[in-house]
Amino acid sequence: MTASRRPNSPTNNSPTHYQSLPSPMPKQKISDINYNLSSPPLSPRNRYQWIRYISYTCFAIGVILLMYMVRRDTSSSDNISTVIDDEWMPLKSTRSERILDFAIVGFEKTGTTFLLKALGSHPEVVMPIKHSELSKKLCVKKDSGKVVLLDWLNEQHDKDVILRDSRELISDTSKQLHHSILKHGMKCSDLLRKSLAIENLAELSDQTRLIIGLRHPVLWFQSLYNYRVRQSYEQNWTSSIPSPHDLHGKTQWRGISTTAAKFDIQLKQLAKVPMTKNEVLDMLSNELDSYELRLSPNPLKVFIYTIEQLEDTNTQRRLQFEKDIQTFLNLQHPLKHFASETKENVNDSSYPESIDICESEYKRIRRKLIRQGIKSSEWIREKFIKSKDVTVSDASYFESMLKTWSEDPCGMDERSS
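Fair warning: this is a prediction, and the values are worked out from it, not measured in the lab. (Residues numbered from 1 in each chain as written. Predicted model: local features only at pLDDT ≥ 70, side-chain atom pairs only at ≥ 80, totals over all residues. Heavy atoms only, no water.)

J.: Explain the packing of helix H12 (residues 363-382) against helix H13 (residues 395-403) to me, please; I cannot follow it from the model alone.
T.: With their axes 9 Å apart at the nearest point, H12 and H13 run at an angle of 165° to one another. Judged by the inter-axis angle, H12 sits roughly antiparallel to H13. Note that H12 runs across H13; the crossing there is left-handed. Contact with H12, carried on its side by Ser377, Ile380 and Arg381, involves Phe398, Glu399, Leu402 and Lys403 of H13 and no other residues of that element. Here the residues of the contact of H12 with H13 sort into three nonpolar, one polar and three charged. (Axes fitted to C-alpha atoms, helices over the stretch in contact; angles between N-to-C directions. Helix = DSSP H or I, 4+ residues; strand = E, 2+ residues; numbered from the N terminus. Parallel < 35°, antiparallel > 145°, perpendicular 65-115°, else oblique. Left-handed = near helix turned anticlockwise from the far one by under 90°. Contact = heavy atoms within 4.5 Å. Nonpolar A, V, L, I, M, F, W, Y, C, P; charged D, E, K, R; others polar.)

J.: When you look at the nonpolar core in this model, what are you seeing that I'm missing?
T.: One broad rule of soluble globular proteins: the nonpolar side chains tend to lie buried together. Grouped together as the largest cluster of nonpolar side chains are 62 residues, with contacts concentrated most on Leu267, Ile304, Ile380 and Phe384. It is helix H7 (residues 217-234) that provides the largest number of residues to this core, a total of seven residues. With residues up to four places along the chain from it excluded, the contact list for Ile380 reads Leu214, Leu267, Ile385, Phe398, Leu402 and Trp405. Membership of the second largest hydrophobic core comes to 20 residues, among which are Ala118, Phe321, Ile325 and Phe328. (Core = buried A, V, L, I, M, F, W, Y, C linked by side-chain atoms within 4.5 Å. Buried < 20%, exposed > 50% of the residue type's maximum accessible area, 1.4 Å probe, protein only.)

J.: Got a minute to help me understand the pattern of salt bridges in this structure?
T.: Counting across every chain of the model gives 14 salt bridges. For the salt bridge of Lys268 with Asp282, the shortest nitrogen-to-oxygen distance reads 3.7 Å. With Lys268 in the loop between helix H8 (263-267) and helix H9 (277-284) and Asp282 in helix H9, the pair connects residues that are 14 residues apart, well separated along the chain. By relative accessible area, which is 3% here, Lys268 ends up buried. Relative accessible area serves as the criterion here: at 23%, Asp282 is assigned to the partly exposed category. Across the salt bridge formed by Lys301 and Asp389, the nearest N and O atoms sit 2.7 Å from each other. Here Lys301, found in strand S5 (residues 301-306), pairs with Asp389, found in the loop between H12 and strand S6 (390-392); they are 88 residues apart in sequence, far enough to count as distant. (Salt bridge = Lys/Arg side-chain N within 4 Å of Asp/Glu carboxyl O.)

J.: I tried to follow a nonpolar patch on the surface on my own but got confused; where do I start?
T.: Together, Trp50, Tyr53 and Ile54 give the surface a local cluster of nonpolar side chains, amounting to about 380 Å² of exposed area. Take Trp50: it is sitting in helix H1 (residues 44-75). (Patch = residues over 30% accessible without salt bridge, like charges linked within 9 Å, V, L, I, M, F, W, Y side chains within 5 Å. Areas by Shrake-Rupley, 256 points an atom, 1.4 Å probe, with all protein chains shown as cover.)

J.: Would you mind showing me how to read the state of the cysteines here?
T.: Every disulfide links exactly two cysteines, by a covalent bond between their sulfur atoms. Tallied over the entire structure, the rule returns two disulfides. Covalently, Cys139 is tied to Cys188 through a disulfide, its sulfur atoms 2.2 Å apart. Between Cys139 and Cys188 the disulfide shows an S-S torsion of about 130°. By sign, it is right-handed. You can see Cys139 sitting in the loop between helix H4 (133-137) and helix H5 (143-166) and its partner Cys188 sitting in the loop between strand S3 (183-187) and helix H6 (195-204), a full 49 residues away along the chain. The same class applies to Cys139 as to Cys188, namely buried. The disulfide that involves Cys358 links it to Cys410, with 2.0 Å between the sulfurs. Handedness of the Cys358-Cys410 disulfide follows from its S-S torsion of about -90°: it is left-handed. (Disulfide = S-S within 2.5 Å.)

J.: How do you make sense of the sheet that holds strand S1 (residues 102-106) when you look at a structure like this?
T.: Backbone-to-backbone hydrogen bonds join strands into a sheet, with any given pair of strands oriented parallel or antiparallel. Across the sheet, which stays open at both edges, the six strands sit in the order S2-S3-S1-S4-S5-S6 with parallel pairing between neighbours. Each having just a single partner strand, strand S2 (125-126) and S6 make up the two edges of the open sheet. In the sheet, S1 pairs with S3 via three bridges, with the strands oriented parallel. Each bridged residue has a counterpart across the sheet, and for Ala103 the counterpart in S3 is Met186. (Pairing = 2+ DSSP bridges.)

J.: It is not clear to me how the packing of H7 against H12 should be interpreted in this structure. Could you clarify?
T.: Geometry of a packed helix pair, given as the angle between the helix axes and the separation of the axes. At a minimum axis distance of 8 Å, the contact between H7 and H12 shows a crossing angle of 130°. It follows that H7 is oblique to H12 by the angle criterion. On H12, the residues that touch Pro217, Val218 and Phe221 of H7 are Ile365, Arg366, Leu369, Ile370 and Gly373.

J.: In this structure, what is going on with unusual backbone geometry? I would like to understand it.
T.: Trans is the prevailing form of peptide bonds, just as negative phi is the prevailing case for residues other than glycine. The amide bond that connects Gly106 to the next residue, Phe107, takes the cis arrangement and shows omega of -10°. Within the secondary structure, Phe107 sits in the loop between S1 and helix H3 (112-120). With phi around 55°, Ala271 is a residue other than glycine that occupies positive phi space. Residue position: Ala271 is located in the loop between H8 and H9. On the basis of relative accessibility, which here comes to 28%, the residue Ala271 falls in the partly exposed class.

No statement about biological role is implied by the geometric values presented.
This is the structure:
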């Protein structure tokens, strides 16, 4: 009987046979041992694994830091909002409800107050009360005017719902008419006198639409001069009333002078059409130095008219004129017929200094205004109204009215002379 062998017992032929161990190393001092601390070079596979490990670790740390920063910013959003509002928010409003939709910007004595009343009574329009202190401050002829105007727009935004209801904008046929339909406008009839005012307005909103009125230069001079005389008495101005013969060149009285009747010079500031070098030099070198004129390119749309279009007795033509203004201002409801509106600021009072421009003593003034009027009329008809940014109602009638600027409105008085 063969004796059984233990399966794990080592034998000489067994692969698990323990070989004789080497003799132990002799004891050495620590200082005598030469340690090789350099690591063996990593294989390409191990190197790739280490790079991937480090990349994942950095990514995880970045995610943790980002989450921490988001939580911190969220918890202090009120403070950050205050800082942005006070220090970094631009003056220009980005909310459609708070822009200035339109502005009646000139020229004086061309029916601007009439339009203020006609448009201000429209159910979709909000405008400051005429001649109010606020109305004067809203004119952005100075930088401070931008702040006042934007404050007024923000205040009106909060009142729009109340105004909508009080003006019965909601009817049975239109149960929901959102307050954003309201258009906010202002009147600043001498705004075109200042380039800074044009730039301020364009900076505040590039959607504001400009309404500009024109008038025969001779009649304009007489009307504005007599209006200033009337103001001098009613408001007790301490300054003396100058003679109309002295109001030329750089000498002007509260915006009135023969030079100020160069309407084309002031319209050129809007840079709506290409101009020749001579046209630019004419604008910059004219006698209106006190108005600080310069080119102010802007995207603002313009509606231009003559005062005769406000007073047109041709009913069909006048109704079309009213409809064109309605379309230009994007109003849903039609305007009140201009024929039913009463005129404003009519010089029905006479004072010792009031003038009748048709008298022979003012013939020289008329001649100068007519010479200027011919030049202004040609540029406006041939260039300005051709701009894609300029709207005219019934261009043929408009141009026919401007052509009369070459004629003396006093008629037979001048021809008989």
